[in-house]
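Each chain is listed here by its residues.
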Amino acid sequence: MDTYQAVTDRIIAALEAGTVPWQKPWASAGLPANLHTGKTYRGVNVLLLSLGQSYASRWWVTYRQAQERGGQVRKGEKASLVTFWKVWQPGQEAGAEAAASGGHVEEGEQPKNRRAPLLRYYHVFNTEQCEGLAVPAEPCAERVHQPLAACEALVAGMPQPPRIVPDGRQAYYSPGLDVVGMPQPEQFRSGEEYYGTLFHELTHSTGHPSRLSRLALDAAPAPFGSPDYSREELVAEFGAAFLCAQAGIFPRTAENSAAYIAGWLKALKGDKRCLPIAAAQAQRAADWIAGTSHPGADAEEEGAA
């Protein structure tokens, strides 16, 4: 289709011209903070508490703090790490002082005759990992989501669709469960960016064996950053761009898509075949979601290979 080629050409042009880093188009509840003290975590702790996390709550507590507030960490929950710097004073027993406060001193020789920063680390749990804790209500999102008819029609008309469930912090597709998780529409900067992200995840879902069978459920998931993982991300982002164009929306023009794709292209280390193959597979995925057929799609994909 001419629309697909036009979108592909725009993205390639943006890649060749250089792109800005990809930016997450939705907002989470806010920066992570300690429920007991009310203080917001800073620096590397923001990264530590966001890696691999899918919690809607931004509030965290230590095991002791949860108990002091009348709650309890659920059995089997895994703690997350946060760090804290404190200046050691001459004459102070660093290890004993740290133990008394519930923290740990970084391994290594203690300073003897001068003040020096000591790195401590603590373990914390998200309030969603706990029971019996009262958590402050988060402010309501300011943006009111207005459904876009053309986008809603594409989503509603998808044959054999996956289940779409709310998730406050991340967007994802789970092949094993055949589930798409999405932040609430109001968390996105615009309705266009909500649908663009949803189209990305729905494109992933077309790889399920019950649809176009790009994803093998009996094999271990491809590691993050691997060629197989990167190729699938290319397919999903191209598919999202195609569907956005079909619906007549252009979230952040093509800049965010181009930046996202640029990262995966780099991971593929110059494989010149990956772009046409990904575009052909994305076309099939977009056709599936839209409930249309495109004669010759299989032949195009095989020719690209």
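Relevant structure appears above.
Cut-offs and rules
Residues numbered from 1 in each chain as written. Predicted model: local features only at pLDDT ≥ 70, side-chain atom pairs only at ≥ 80, totals over all residues. Heavy atoms only, no water. Helix = DSSP H or I, 4+ residues; strand = E, 2+ residues; numbered from the N terminus. Expected span 1.5 Å × (residues − 1). Buried < 20%, exposed > 50% of the residue type's maximum accessible area, 1.4 Å probe, protein only. Axes fitted to C-alpha atoms, helices over the stretch in contact; angles between N-to-C directions. Parallel < 35°, antiparallel > 145°, perpendicular 65-115°, else oblique. Left-handed = near helix turned anticlockwise from the far one by under 90°. Contact = heavy atoms within 4.5 Å. Nonpolar A, V, L, I, M, F, W, Y, C, P; charged D, E, K, R; others polar. Salt bridge = Lys/Arg side-chain N within 4 Å of Asp/Glu carboxyl O. Core = buried A, V, L, I, M, F, W, Y, C linked by side-chain atoms within 4.5 Å.

1. Some remarks on helix α7 (residues 227-247)
Now for step 1: Its 21 residues place the ends of α7 30 Å apart at the C-alpha level, agreeing with the 30 Å of an ideal helix rising 1.5 Å per residue.
Now for step 2: Most of α7 is tucked away, with 16 of its 21 residues classed as buried.
Now for step 3: Backbone geometry just after α7 places Gly248 at a positive phi near 80 degrees.

2. Points about the packing of α7 against helix α9 (residues 274-290)
Now for step 1: Where α7 contacts α9, the two axes come as close as 8 Å, and the packing angle between them is 50 degrees. Taken together, the axis directions place α7 and α9 in an arrangement best described as oblique. Seen from above, α7 lies across α9 with right-handed handedness. On the side of α7, the interface is formed by Leu234, Val235, Phe238, Gly239, Phe242, Leu243 and Gln246, while α9 contributes Cys274, Leu275, Ala278, Ala279, Gln281, Ala282, Gln283, Ala286, Ile289 and Ala290.
Now for step 2: When the residues that make up the contact of α7 with α9 are grouped by side-chain class, the tally is 13 nonpolar, 4 polar and no charged.

3. Points about the pattern of salt bridges
If charged atoms from side chains of opposite charge come close, those side chains can pair.
Now for step 1: All told, the structure shown has 5 salt bridges when counted by the stated rule.
Now for step 2: In this structure, Asp178 engages Arg211 in a salt bridge whose closest nitrogen and oxygen atoms are separated by 2.9 Å. One end of the pair, Asp178, is in the loop between β9 (172-174) and β10 (179-182); the other, Arg211, is in the loop between α6 (191-205) and α7, with 33 residues separating them in the sequence.
Now for step 3: One salt bridge connects Arg189 with Glu193, and the closest N-O pair in it is separated by 3.2 Å.

4. Structural notes on the nonpolar core
Now for step 1: One finds Met182, Leu198, Phe199 and Leu202 to be the most contacted residues of the largest nonpolar core, which totals 33 residues.
Now for step 2: Elements with a minimum of two residues in this core: α5 (149-156), β10, α6, α7 and α9.
Now for step 3: With sequence-adjacent residues up to four places away left out, Leu198 is seen in contact with Val155, Ile164, Val180 and Met182.
Now for step 4: Among the nonpolar cores identified, the runner-up in size contains 9 residues, and Trp59, Val73, Cys130 and Leu133 belong to it.

5. Observations regarding the environment of Pro221
Now for step 1: In this fold, Pro221 is placed in the loop between α6 and α7.
Now for step 2: Spatially, the C-alpha atoms of Pro221 and Pro175 are 9.3 Å apart, while their sequence positions differ by 46 residues.

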